[in-house]
Structures are given as C-alpha cells and as structure tokens.
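Examination of the molecular architecture
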Amino acid sequence: MKERTLNGFTGKIVLTMIMLMLLLTGCAQGTAHMTVKKDGSLDLAFSLLLDARAEKLVSGKVEELLSTRLAAAGIELNKTASGKSTEYQFHKSYASMEELKNSSSGFDIVDAEVGQSDRWLYTKYDVVAQPKLNAYSDEIIDGLGSISVPKSLVRLLMGSFSVDFKLTIPYNLYGPNNAAEQDGNTLTWPVSLADSEPLRLVVYVPDIKNIAITVGGIVLIVAVLLTLYIRKRKLRKPKAPPEATALNHPPGQL
C-alpha cells in the first residue's frame, strides 16, 4: 500500500513537472538593454513578454514583484496586452552611472566589480558582473502556493528561462569578453533565472585630452623637422654661375 502511494505521489510530481515544462518552455521572452551615450548618460529598458499560459501561472506574482522593486528605484512598470500575450516593460534614463547606482538600491539584481588600469592614452576597465536573478525566482516560487512540487524542482524548470541582457556603448571599444553575441557596439548575454556565470568584459576608454596632447606634439615635431629639412635643402642648393657679358663693338670697328 505504501509502495502504491509512493508511486502515485511520484507519478503526480512527474506529471506536474511535465506540465510546468510545457508551460514555461518557450512561453516567456525577456530583454534588458543598457545603452551608454557619448555624454556619459544612459538609458535602461526592460521588456518581459508572457504568453497566456505563463501569464495565468505567474503573472500576479511577477507583476507584484516587479512593481514593488521598481517603485523603490523610482521606476514605473507598464503592462500592455499584445495579442494573447502580456508585456511588462519600463524605460528609464539616467544622467550618469553614478545616478543609476544611487537610485537602484531597491532593485538589486547584480553584484559588480570594476578594475581600473590607467594608461596615458586610455583607461582599461575590467568588469565582472554576477547576476542575482535566482533570488527573485525564489520569491516567484513562494507565490506559487497552489503547486505542490518541491521548490528545487520548480527552480530547475524556471532555470530554463533566461533574459537577454544587452549592452551598447558609443564605440566598439570592447576587449576580451564572454558575451554570447556581438553586433557592432552591442554585446548580448543570456542571463538565466538560475545561477548564472558572471558577465565578463574589458572596455577601453580613450583619454581625449592626452590623445590631443600627443597628436599636437607629433604635429609640432613633424613641422619642426620639415622646416629644418627645407632650410638645409636651401643651404645645399648650388648658386647659378653669372651670365657671360656680351662684348658690344661699335659699328665699323674690329
């Protein structure tokens, strides 16, 4: 009897897992895009598209979680219908990276370490960013009280869902990185709701002032060398011999 009960319970879990897999696979698409501009300001955009199945399963918890976290960071979440799907999105502009850091304390989704190496013509930044979306997946799972499946199994299934994080900078100044794709000045990483590998990249930022000084110095040196060369050529140039004076004899004289 116990064996039957155990097998029945196991079968129920497996069936529920299959249902969850069908619900969560290919029914949600997410994109987060950070665009850095030439003046140092930046735009942050996010979009999450849930089809009818995923919307029915997790929409309430997702909306509550996103709204609460975003409100703490001064961001308004917009919800719109797109056919049979529902899209959650927001867009926020910041004057600088410092402003983003100061205003995003309530929306803690990543731990970042930035190493800086100063050179005469440029500054090298080594960035390592560790996403922390798994903490939010735990909150979503806690809201799914009607599903009697161990959280570890649900977390495993939710780990198949990922958000594409895109980074765009004004110029293609990237060094080594572990992005999955690069299109011009844009790098893309898929970030899973489960534990993800850190995002790694190197960015070279030119020092315009020092570059201008260097270029100006080179131009000055070239100008001096060219002037000395011209002067030396003039000094070496041989003088033309005086023209022979014609002897004019009066008519009738030899």
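Please refer to the structure higher up on the page.
What counts and how
Residues numbered from 1 in each chain as written. Predicted model: local features only at pLDDT ≥ 70, side-chain atom pairs only at ≥ 80, totals over all residues. Heavy atoms only, no water. Salt bridge = Lys/Arg side-chain N within 4 Å of Asp/Glu carboxyl O. Buried < 20%, exposed > 50% of the residue type's maximum accessible area, 1.4 Å probe, protein only. Pairing = 2+ DSSP bridges. Helix = DSSP H or I, 4+ residues; strand = E, 2+ residues; numbered from the N terminus. Axes fitted to C-alpha atoms, helices over the stretch in contact; angles between N-to-C directions. Patch = residues over 30% accessible without salt bridge, like charges linked within 9 Å, V, L, I, M, F, W, Y side chains within 5 Å. Areas by Shrake-Rupley, 256 points an atom, 1.4 Å probe, with all protein chains shown as cover. Core = buried A, V, L, I, M, F, W, Y, C linked by side-chain atoms within 4.5 Å. Contact = heavy atoms within 4.5 Å. Phe/Tyr/Trp six-rings, centres within 6.5 Å; stacked < 30°, edge-to-face > 60°. Polar contact = N/O pair within 3.5 Å; in protein donor to acceptor, adjacent residues only side chain to side chain.

Notes on the pattern of salt bridges
Where charged atoms from two side chains of opposite charge come close, those side chains can pair. Tallied over the entire structure, the rule returns one salt bridge. The shortest N-O distance in the salt bridge between K37 and D43 comes to 3.2 Å. Assessed through its relative accessible area of 38%, K37 is described here as partly exposed. Here D43 falls in the buried class, since its relative accessible area comes to 16%.

A word on the sheet that holds strand β8 (residues 174–177)
Across the sheet, four strands lie side by side as β5-β6-β11-β8; this open sheet has antiparallel pairing. Every interior strand has two partners, whereas the edge strands, β5 (110–118) and β8, have only one. When the angles between neighbouring strand axes are averaged without regard to direction, this sheet yields 20°. Sheet analysis places β8 next to strand β11 (residues 199–206), joined by two bridges and oriented antiparallel. If you follow Y174 over to β11, its bridge partner there is V203.

Here's the deal with a nonpolar patch on the surface
Residues L220, I221, V224, L225 and L228 make up a contiguous nonpolar surface patch of about 490 Å² in total accessible area. Its place among the elements puts L228 in helix α6 (residues 208–236).

Quick word on the nonpolar core
Counting residues in hydrophobic clusters, the biggest one holds 30 residues, and the most contacted among them are F46, L48, L66, L167, Y174 and L201. Listed by contribution, the elements that provide at least two residues to this core are β1 (28–36), β2 (42–50), α2 (52–72), β4 (85–94), β7 (162–168), β10 (186–192) and β11. The greatest single-element share of this core, amounting to five residues, is contributed by β2. In contact with Y174, other than residues within four places in its own chain, are L167, T168, I169, Q182, N185, T186, L187, L201, V202, V203 and Y204.

Structural notes on the packing of aromatic side chains
Summed over all chains, the structure comprises two aromatic pairs. Ring geometry for F46 against F90: centres 5.5 Å apart, planes inclined by 25°, an arrangement best described as stacked. Note that F46 is positioned in strand β2 and F90 in strand β4, a separation of 44 residues in sequence. With respect to burial, F46 and F90 carry one shared label: buried.

As for the environment of D207
Tracing the chain through its elements places D207 in the loop between β11 and α6. Among the residues examined, D207 registers a relative accessible area of 26% and is labelled partly exposed. Residues D207 and Y122, 85 residues apart in the sequence, show an inter-C-alpha distance of 4.9 Å. What D207 contacts, discounting residues up to four positions off in sequence, is W120, L121 and Y122.

Things to note about the side chain of T188
Relative to the helices and strands, T188 resides in strand β10. Accessibility expressed as a relative area gives 7% for T188, which makes it buried. At a separation of 3.2 Å, a polar atom in the side chain of T188 contacts the side chain of K166. Those residues in contact with T188 that lie beyond four places of it in its chain are D164, F165, K166, A179, A180 and E181.

Section: the side chain of T168
Mapping T168 onto the fold places it in strand β7. Reaching out from T168, the side chain makes a polar contact with the side chain of H33 at a distance of 2.8 Å. Those residues in contact with T168 that lie beyond four places of it in its chain are H33, M34, T35, V36, Y174, N185 and T186.

Overview of the pairing of strand β6 (residues 122–131)
In terms of strand pairing, β5 meets β6 through nine bridges, oriented antiparallel. In the sheet register, S117 faces β6, and the bridge partner there is K124. As consecutive antiparallel partners, β5 and β6 are separated by three residues. Alignment of β6 against β11, held across eight bridges, turns out to be antiparallel. Within the sheet, the bridge partner assigned to V128 lies in β11 and is R200.

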